[in-house]
Number of protein chains: 2
Amino acid sequence: MPELRKDPVVGRWVIIATERARRPQDFAVEHDAADARTCPFCPGAEERTPREVLAYRAPGGAPNGPGWSVRVVPNRYPALMVEGDLDKKGRGVYDRMNGVGAHEVVIETPHHERALGDLSAGEIEAVLAAWRDRMLDLSKDGRFRYLLAFKNHGSAAGSTVGHAHSQIIALPVIPATVRDELAGGRAHWDRRDRCIWCDVVEQELSEGDGGRVVLANDQFVAVCPWAARSPFECCVLPRRHAAAFEHEPRASYGALAEVLRAVLRKVDGALDRPPYHLMLHTAPLGERDLPHFHWHLELMPVLGTVAGFEWGSGFHINPVAPESAAEFLRKVTA
Amino acid sequence: MPELRKDPVVGRWVIIATERARRPQDFAVEHDAADARTCPFCPGAEERTPREVLAYRAPGGAPNGPGWSVRVVPNRYPALMVEGDLDKKGRGVYDRMNGVGAHEVVIETPHHERALGDLSAGEIEAVLAAWRDRMLDLSKDGRFRYLLAFKNHGSAAGSTVGHAHSQIIALPVIPATVRDELAGGRAHWDRRDRCIWCDVVEQELSEGDGGRVVLANDQFVAVCPWAARSPFECCVLPRRHAAAFEHEPRASYGALAEVLRAVLRKVDGALDRPPYHLMLHTAPLGERDLPHFHWHLELMPVLGTVAGFEWGSGFHINPVAPESAAEFLRKVTA
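What you see is a predicted model; the values in this text were computed from it and never measured.

Calculation notes
- Residues numbered from 1 in each chain as written.
- Chains lettered and ligands numbered in written order.
- Predicted model: local features only at pLDDT ≥ 70, side-chain atom pairs only at ≥ 80, totals over all residues.
- Heavy atoms only, no water.
- Contact = heavy atoms within 4.5 Å.
- Buried area = accessible area lost by both parts, 1.4 Å probe.
- Salt bridge = Lys/Arg side-chain N within 4 Å of Asp/Glu carboxyl O.
- Polar contact = N/O pair within 3.5 Å; in protein donor to acceptor, adjacent residues only side chain to side chain.
- Helix = DSSP H or I, 4+ residues; strand = E, 2+ residues; numbered from the N terminus.
- Nonpolar A, V, L, I, M, F, W, Y, C, P; charged D, E, K, R; others polar.
- Pairing = 2+ DSSP bridges.
- Axes fitted to C-alpha atoms, helices over the stretch in contact; angles between N-to-C directions.
- Parallel < 35°, antiparallel > 145°, perpendicular 65-115°, else oblique.
- Least-squares fit on C-alpha atoms with pLDDT ≥ 70 in both.
- Buried < 20%, exposed > 50% of the residue type's maximum accessible area, 1.4 Å probe, protein only.

Participant: Whenever I open this one, the interface of chain A and chain B confuses me. Can you help?
Facilitator: How big an interface is tends to be reported as the loss of accessible area on association of its parts. Contacts between the two partners involve 74 residues from chain A and, on the opposite side, 75 residues from chain B. Surface buried jointly by chain A and chain B totals about 6,400 Å² across both partners, of which 64% is contributed by carbon and sulfur atoms. In terms of surface lost to chain B, no three residues of chain A exceed Y94(A), W226(A) and F315(A), which account for 14% of the buried area on that side. Our enumeration of links across chain A and chain B arrives at four salt bridges. The closest approach of N and O atoms between E323(B) and R5(A), which form a salt bridge, is 2.9 Å. Summed over the shared surface of chain A and chain B, the result is 22 residue pairs in polar contact (both at pLDDT 80 or more). With seven residues, the single largest contributor to the side of chain A that touches chain B is helix α3 (residues 196-207) of chain A. Broken down by class, the residue content of the side of chain A that touches chain B amounts to 39 nonpolar, 18 polar and 17 charged. As judged from the three bridges shared by strand β2 (residues 13-16) of chain A and strand β15 (residues 316-318) of chain B, these two strands associate in the parallel manner. Pairing of I16(A) across the sheet is with N318(B), part of β15(B).

Pasting the structure below:
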């Protein structure tokens, strides 16, 4: 059983998962993304994954067979185990609990050679709908406090399977990154009675040309953040306040897919299809109506330039001003 | 002039330094560490660095010539500029200030082929003394709030020069990593009237065999942290409370050098001389007597295994239990 341990100083939870070291890909340096013959995520290879927990397929198709457009399966090498209770315990100054959680893989397309950014807006909407459907289902488990949906694209971003996929992790704790955002949002709310992300959206949209907006439609806006940590970092936010991605009205996912597709294609065009991380930050479970948290997507391209400084220092240095990155991305035709 | 920008939600300061993109090494993928002929940090090439701000050399040696054992120079490609005032300004919800600071390089040895872990305890003590001497000098500048000393070893850790060196950065803000530690230390102090790191040292030393202590002498202890973020992460702490590294009594640096040397050699032996990050966390300037902060060194080996999960999720997964790492390191003869 993996174990969750809390850092006694900063409160950051870490998964100690010694079983996972047995995962063969953990020690692979290169992955041949083009080798569809051995891909466990391709149609026809369904028996090579654990049994699906969700799939969108045409009427009449059998579960765990081909014919799907999006398919969700448990991770064969989970970071957390779905069985068992949390068994929270202290040991002197230290805190731990069992590594109970779910770890699922969302196979985003049946086409081995297509990346998320290559899909149509309708196909990306189906991926987002799969995130939503799985998140709503996982939210029924009272042991879980947070649902992480994210994607590592490309081996330099940590992906070990070339076929387009994202991951959903159900955690019994709140990740430090989200906890810091909740605290910051709370502080702004306490002082101003406004959502800080709503203020950011308002200010970004009012700055016009020369600002950090990459694109927007009537529901969503994509910006290069004011204090971007790395070149071409992008953030996609709903224009009106909403704390939980998974409780958006159904119609929103189409509008989100449009913006996400355009951003991915612009980044692909600007940086020659870079590896990237895509992260969803949504409200903790049971807090869907928070006035001081605003869900958003973070996209971080992984660039080959090794700045080095921040790795040792913990302090980020960004050699591309977000205004320049946004201007560049605005001009790229996707 | 570089700019410091604060994330409006989590309060993390980021350096936006567009000039730095011109640094040629930023786009280099590989560095030939063995090519001493072109090394700007070797004796005889002193004119290829900015003029030294500190050097330890035998009596009679001229500044900016050979004969030194440790030499400190301003970084030729600084992340921050030492001239100018902070010019702090708000812009709606955003905060910024000028990127004023110092950025220095500590050349740790005249020998091109020797890494920090290859040096004698006396030579490592001289490196630590150089950190201290520069930190005490930089602390006189009232614009600075924090001094970061760190080291990236190996190109996979972000180092762009093969010759052993560390860096010291003087910042007008407190880095997020240290700010989180200060807040956590403060919370423990408020609740318990004790330093959390003193509690950690006490608990680690009392657990005996099977615990996470790698080694200790009468002044310092090296442990694999309870919630280590990555395999073989190590933390070196003074056994009695002290907030500021640079205000240790002179005799302490020799004892620290002994422990640091042993840890580096054990990690080198265990992991075949891995790349690593080494970071000093000391108290903010002007707060040398904090009861709730305890200075320490963090050593993070950079392993080739790409876990990938934490990059997208912001949640760390460690496939090696710190007890196992500590046991392994205890047995390695350096």
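Participant: When you look at the packing of helix α2 (residues 176-192) of chain A against α3(A) in this model, what are you seeing that I'm missing?
Facilitator: Packed helices, taken two at a time, are described by their axes: the angle between them and the distance between them. All names here are of chain A. Close contact between α2 and α3 brings their axes to 8 Å; oriented N to C, the two are set at 80 degrees. By the angle between their directions, the pair α2 and α3 is classed as roughly perpendicular. On α3, the residues that touch E181, G185 and H188 of α2 are I196, W197 and D199. For the contact of α2 with α3, the per-class residue count stands at two nonpolar, two polar and two charged.

Participant: How should I be thinking about the relation of the copies chain A and chain B in this particular structure?
Facilitator: Copy one and copy two of the chain differ by a rotation about an axis and a translation along that axis. For the pair chain A and chain B, the superposition axis carries a translation of 0.0 Å, the fit reaches an RMSD of 0.0 Å, and the rotation angle comes to 180 degrees. Put plainly, the chains are arranged around a two-fold axis. Among all residues of chain A, the minimum C-alpha distance to the rotation axis is found for D180(A), at 4.8 Å. A shared binding surface is used by both copies, with 100% of the interface residues of chain A retained as interface residues in chain B.

Participant: Explain the environment of E248(A) here, please?
Facilitator: Residue and element names in this part refer to chain A. Summarising the element assignment, E248 is placed in the loop between β12 (234-238) and α4 (252-271). For E248, a relative accessible area of 4% puts it in the buried group. A C-alpha to C-alpha distance of 28 Å links E248 and A79, two positions 169 residues apart in sequence. Among the polar contacts listed, one links the side chain of E248 to the side chain of R240, at a separation of 2.7 Å. Side-chain polar atoms of E248 contact the side chain of W295, separated by 2.7 Å.

Participant: Sorry if this is basic, but what is going on with the sheet that holds strand β6 (residues 94-98) of chain A here?
Facilitator: Strand order in the open sheet formed by five strands is β5(A)-β6(A)-β1(A)-β2(A)-β15(B), and the pairing between neighbours is mixed. The sheet is open, and its two borders are formed by β5 (89-91) of chain A together with β15 of chain B, each paired with just one other strand. The mean angle between the axes of side-by-side strands here comes to 30 degrees, regardless of whether they run parallel or antiparallel. Taken together, the three bridges between β5(A) and β6(A) define a ladder with antiparallel strand orientation. Bridging from a neighbouring strand, R91(A) pairs with Y94(A) of β6(A).

Structural measurements only, silent on function.
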